[in-house]
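Structural characterization, general
One-letter residues, chain by chain:
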Amino acid sequence: MELPETRYARSGDVSIAYQVLGDGPFDLVHIPPLASHVELSWQVPGIALANRRLASFSRSIYFDKRGTGMSDPVAGAPTLETRMDDVRAVMDAVGSERAAILGVSEGGPMSLLFAATYPDRVWALVVAGSYARVLWAPDYPWGPREDEYVARTEHAQRRRLQSDEWAVETAERLAPSADEEGKRAFATLLRHGASPGAMAALFRMNMLMDVRDVLPAIRVPTLVINRSGDAPGVVHGSRYLAERIPGARHVELPGVDHAVFAGDQDAYLDEIEPFLKEVWEERAWEETADERVLATVLFTDIVDSTAMAAELGDARWRELVQAHHGLVRRQLVRHRGTEIDTAGDGFFASFDGPARAIRCACAISEGVRELGIEVRAGLHTGECERIDNKVGGIAVNIGARVASNAQAGEVLVSSTVKDLVAGSGIQFRERGTTELKGVPGEWSLFAVTQAGAS
C-alpha cells in the first residue's frame, strides 16, 4: 500500500494538513493525541501497521491539529470549538458528510464534544485511552492536583528546552513495549509534532479543560477502550466516560502502554473493527432523526426597559429598540449565532460553540452602550431538543435562569460554559453558587471579565 499524499484543508485562515488512506465503505476520522505528524507517523512501525489495518476496512482520514505537525503553527492553544471547526473543514475537503470518529488520548475530549455538537456528522465514536478532564476534583479524585500538574509540566518543558532526551523519555513512558527502533522513531515524531511553545500552551489548556457535562448529550454509538495498566487518570477516566455516556460499550484490555500502536495493538484493533462494522451495518441513524444536539444558548434583555420606554415615549423607544435589534443581529451573524426568538427587547439565540457565544454576548453588551442602554446576558451549554428549527428543553430553561441572575452590563455563564472554553483567553470572575428557579441543585455562576481575541 503506497503512502498517502499530504493535502491541506482551509479552516478560517489556517491550513490543516491531512491524509486519506483506504477505500472502505465508511469514513473514519482520526483525532490525534497531543502531538502528531501525518508524514513522520509512517516512520513509526507500529503506527504505520495500525494505520494500514484501519484503512483495510475504512476510508481513514488522518490530520494534524492546528499548531501541531504539518498544520500551520498558531499562537497559544486553540479552543475545543476551533478544533471542531478544523475537523469539519477536513471532512468537507474530502467530501465526508458523516464519519466515525476515533479520538485518541488528548484528542478524546474534543471528539466527545464534536459528537454531541454535530450528531449529523458522526455515526459512531471510539474513544481510546482518554478522559473527561485532567485535574483532580472532589468528584473526580484520580487526577493530579493543579500544583502537581504545573510542576510536572514545567519540569517537562525545562527538559525539552535543554535536551532531546525529553522525547526519548516520553516515548519510553508512553510506549514501553515498543522495540528500540519504534521508540526512536516515536521520539522523532514527538520532537517534530509540536514545538516547545505549542506543547506548553496545550498543557495549560488541558489543565483547564472539562467536558464532563457534555457526556449525557452524546447519542451516537460509543466504544470506550483503554489498557488496565495505563496511568490512573486514563484508567479511571475511561471508566468514568463509559459510565456516563448513554449506552457506551467499555473494553479494558491488559497492558501498560498508553500508545495504541505499542504492545498488543491487535487486541485494540480487534475491538475497534467489529464495533465499527456492526454499527455501520445497523445504520440506525437512517431511522432516527438527530432531534437532540449540544448547543450554547444565549439570552439577553435590555435593563430597566419599562422605565426607559415610559421616559422616552413610544416613537423614540421604538427607534431605540430597532437600533438594538439591528446591532444584536449583526453580532449574531458575525459570531455564527442563530436567532431563535425575539420577545419585546429580549433575544434568545443558539450557538455551536461556547466561546463564540460569549464573545457575541460581550460584543452586544459593549455595542449597546453607544445607544445609551445596557443589557444583561446569560449563557448555558447543554443538550437541546430540535423543534421546528428551534431548540428547547431544560438547557434552554437553565440559560434563561442564568440570564435572570445577571446584573446590568454583565455577561453571566454557567460552569459548564466556563469549562468548555479552555485556551480561549476568556477570563471569569466567580459569582458564587445559587439556586435556579425550577432547576434542581445549586449552580456555580461566573461573570465574564475578559472576552479574549476572536
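Structural notes, computed from the coordinates.

Conventions and cut-offs
- Residues numbered from 1 in each chain as written.
- Predicted model: local features only at pLDDT ≥ 70, side-chain atom pairs only at ≥ 80, totals over all residues.
- Heavy atoms only, no water.
- Axes fitted to C-alpha atoms, helices over the stretch in contact; angles between N-to-C directions.
- Helix = DSSP H or I, 4+ residues; strand = E, 2+ residues; numbered from the N terminus.
- Parallel < 35°, antiparallel > 145°, perpendicular 65-115°, else oblique.
- Left-handed = near helix turned anticlockwise from the far one by under 90°.
- Contact = heavy atoms within 4.5 Å.
- Nonpolar A, V, L, I, M, F, W, Y, C, P; charged D, E, K, R; others polar.
- Disulfide = S-S within 2.5 Å.
- Polar contact = N/O pair within 3.5 Å; in protein donor to acceptor, adjacent residues only side chain to side chain.
- Core = buried A, V, L, I, M, F, W, Y, C linked by side-chain atoms within 4.5 Å.
- Buried < 20%, exposed > 50% of the residue type's maximum accessible area, 1.4 Å probe, protein only.
- Salt bridge = Lys/Arg side-chain N within 4 Å of Asp/Glu carboxyl O.
- Pairing = 2+ DSSP bridges.
- Phe/Tyr/Trp six-rings, centres within 6.5 Å; stacked < 30°, edge-to-face > 60°.
- Lys NZ or Arg CZ within 6 Å of the ring centre and 35° of its normal.

This part takes up the packing of helix 5 (residues 165–174) against helix 6 (residues 180–193). In the contact formed by helix 5 and helix 6, the axes pass within 8 Å of each other and the chain directions differ by 120°. Here helix 5 is positioned oblique relative to helix 6, judged by the angle of their axes. Between helix 5 and helix 6 lies a crossing of right-handed hand. Every residue of helix 6 that contacts helix 5 at Trp 166, Ala 167, Val 168, Thr 170, Ala 171, Glu 172 and Leu 174 is listed here: Lys 183, Phe 186, Ala 187, Leu 190 and Arg 191. Classifying every residue of the contact of helix 5 with helix 6 by side-chain character gives eight nonpolar, one polar and three charged.

Turning our attention to the state of the cysteines. Such a bond, covalent and formed between the sulfur atoms of two cysteines, is termed a disulfide. Using the criterion set out here, one finds zero disulfides in the structure. Cysteine Cys 384 remains unbridged, with the sulfur of Cys 360 as its closest cysteine sulfur at 16 Å.

This part is about the side chain of Thr 222. For Thr 222, the location among the structural elements is in strand 7 (residues 222–227). Within polar-contact distance, the side chain of Thr 222 engages the backbone oxygen of Val 220 at 2.9 Å. Setting aside residues no more than four positions away along its own chain, Thr 222 makes contact with Leu 125, Ile 245, Ala 248, Arg 249 and Phe 275.

As a further point, take the nonpolar core. Counting residues in hydrophobic clusters, the biggest one holds 76 residues, and the most contacted among them are Val 29, Leu 112, Phe 186 and Ile 218. Those residues in contact with Phe 186 that sit more than four places away from it in its chain are Val 44, Ala 171, Leu 174, Ala 175 and Phe 261. Grouped together as the second largest cluster of nonpolar side chains are 33 residues, Leu 332, Ala 355, Ile 426 and Phe 446 included.

As a further point, take the packing of helix 2 (residues 80–93) against helix 3 (residues 108–117). It is at 10 Å that the axes of helix 2 and helix 3 come closest, and there the two elements cross at 70°. Comparing the axis directions of helix 2 and helix 3 gives the class roughly perpendicular. For helix 2 against helix 3, the interelement crossing comes out right-handed. Contacts between helix 2 and helix 3 involve Leu 80, Arg 83, Met 84, Val 87, Arg 88 and Met 91 from the former and Met 110, Leu 113, Phe 114 and Thr 117 from the latter. Split by residue class, the contact of helix 2 with helix 3 holds seven nonpolar, one polar and two charged.

Topologically, Thr 68 is positioned in the loop between strand 4 (59–63) and helix 2. Distance from Thr 68 to Glu 165, taken between C-alpha atoms, is 20 Å for residues 97 residues apart in sequence. If near-sequence neighbours (up to four positions away) are discounted, Thr 68 is found in contact with Leu 34, Ser 36, Gly 193, Ala 194 and Leu 202.

Overall, the coordinates contain 35 salt bridges when judged by the stated rule. Of the charged contacts, one joins Arg 356 and Glu 81 as a salt bridge, the two residues approaching to 3.7 Å between their closest N and O atoms. One end of the pair, Arg 356, is in helix 12 (residues 354–367); the other, Glu 81, is in helix 2, with 275 residues separating them in the sequence. We classify Arg 356 as buried; its relative accessible area is 13%.

This paragraph deals with the sheet that holds strand 5 (residues 99–104). Ordered in space as 1-2-4-3-5-6-7-8, the eight strands form an open sheet in which the pairing is mixed. Strands with a single pairing partner mark the edges of an open sheet, and in this sheet they are strand 1 (7–11) and strand 8 (249–253). When strand polarity is set aside, the average angle formed by the axes of neighbouring strands in this sheet is 25°. In this structure, strand 2 (residues 14–21) lies alongside strand 4, joined through four bridges in antiparallel fashion. Residue Leu 21 lies in a different strand from strand 4, and its bridge partner there is Ser 60. Running at roughly 165° to strand 7, helix 8 (residues 232–244) makes contact with strand 6 (122–128), strand 7 and strand 8 of the sheet.

With that out of the way, let us pick up the packing of aromatic side chains. Scanning the entire structure with this criterion turns up twelve aromatic pairs. Each residue in the set Phe 26, Phe 57, Trp 123 and Trp 280 is aromatic and connected to the rest through ring pairs, giving one cluster. Note that Arg 283 overlies the ring of Trp 280, its terminal NZ or CZ placed 4.3 Å from the centroid.

Inspection of helix 1 (residues 45–55) places Gly 46, Ile 47, Ala 48, Ala 50, Asn 51, Leu 54 and Ala 55 among the buried residues, and these make up the whole buried set. Residues of helix 1 that are buried make contact with strand 2, strand 3 (27–31), strand 4, strand 5, helix 6 and helix 9 (265–282).

For Thr 6, the location among the structural elements is in the segment before strand 1. Taking the relative accessible area as the measure of exposure, Thr 6 reaches 15% and is therefore buried. Only 2.9 Å separates the side chain of Thr 6 from the side chain of Gln 19, close enough to count as a polar contact. A distance of 2.7 Å separates polar atoms of two side chains, one belonging to Thr 6 and the other to Glu 39.

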